[in-house]
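Residues per chain, in single letters:
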Amino acid sequence: MRELWEGIRRRANGPAEIAADVLRLIGALCIPIAAIGWGPLGGVSLAFATGGMVVPRALRVRPGFDIAFGVVTLIAVWSSVTDLYVTVKWWDLPVHLLLNGLVAAIGYLLLVHFRIVADADTLPRPLASTAIVTTALGLSFGVFWEMFEWFGKTFIDSDIYVGYTDSIGDLLWGGAGSLFAGLAMPILAARPQRDAAAGPNHATEPGRESESGPEADISRA
């Protein structure tokens, strides 16, 4: 946990990391805006999304990955708050593709960081391992989201759209995005070259403590 905390409190290094932090600041500023304009549920949604946007910083992922996660997360949550998914029927499909994939990738890196899943580099087929685990995570997150939508429609707001075809489509696109993210893990998990050159105390992968750490060089997959 100490490594994650250090990742959160470290100073941004370079324009890309600053841009990612600006996105987090925008998310925080949007919380009261959503709460005032769209009600308490809107504010809670933005707060939850903004909190999630801190995780890539804690894991010290590549800045481009961090920026993509922040942009897609903000688009997804605002689309929900403003009912864009209702007015534009197809809009949730690309959002599920992108967001599910990015969330699954972050989830995979967290599991590796805490040594809950094996370091892929110690397995005979590292890329296949990351792809399978990330896809399974993405599908699991998708199922959880569909259950959350059902709960919201049943107990909070009956206007929330829930349907069999919609749920299956969401899971299919989310699973595809998670598979793509797993296959792209060597790129997503790789740290910037400046960190690799900074010395032995700097991990080359998110959350890695040393060259012999649990996340040993996924990028060699």
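Everything numeric in this text was worked out from a predicted model, so none of it was measured.

K.L.:
Now, about helix H3 (residues 40–52): what can you tell me, with residues and values included?
P.N.:
Compared with an ideal rise of 1.5 Å per residue, which puts 13 residues at 18 Å, H3 spans 18 Å between its outermost C-alpha atoms and is within 8% of the ideal. Buried residues of H3: Gly42, Gly43, Leu46, Ala49 and Thr50, and no others. Considered in projection along H3, the buried side chains sweep an arc of 130° and stay on one side of the axis. Facing away from the buried side of H3 by over 90 degrees, the exposed positions are Pro40, Val44 and Phe48. Contacts from the buried residues of H3 go to helix H2 (15–38) and helix H5 (63–81).

K.L.:
Mind laying out the packing of aromatic side chains, listing which residues take part and the relevant values?
P.N.:
Going through the model one piece at a time under the given rule, you end up with five aromatic pairs. Taking 5.8 Å as the distance between ring centres and 80° as the angle between the ring planes, the aromatic pair formed by Trp90 and Trp91 counts as edge-to-face. Take Trp90: its relative accessible area is 54%, and that puts it in the exposed class. Here Trp91 falls in the partly exposed class, since its relative accessible area comes to 23%. Summarising the aromatic geometry, the rings of Trp145 and Phe148 are spaced 5.3 Å apart at their centres and angled 35° between planes, so their arrangement reads as tilted. Note that Trp145 and Phe148 are positioned in helix H8 (residues 126–155) at a spacing of three residues, about one turn of the helix. Judged by its relative accessible area of 35%, Trp145 falls in the partly exposed class. The exposure class assigned to Phe148 is partly exposed, which follows from its relative accessible area of 43%. The rings of Trp150, Phe151 and Phe155 are connected pair by pair, giving a single aromatic cluster.

Here is what the cut-offs are and how they apply
Residues numbered from 1 in each chain as written. Predicted model: local features only at pLDDT ≥ 70, side-chain atom pairs only at ≥ 80, totals over all residues. Heavy atoms only, no water. Helix = DSSP H or I, 4+ residues; strand = E, 2+ residues; numbered from the N terminus. Expected span 1.5 Å × (residues − 1). Buried < 20%, exposed > 50% of the residue type's maximum accessible area, 1.4 Å probe, protein only. Arc of directions from axis to C-beta. Contact = heavy atoms within 4.5 Å. Phe/Tyr/Trp six-rings, centres within 6.5 Å; stacked < 30°, edge-to-face > 60°.

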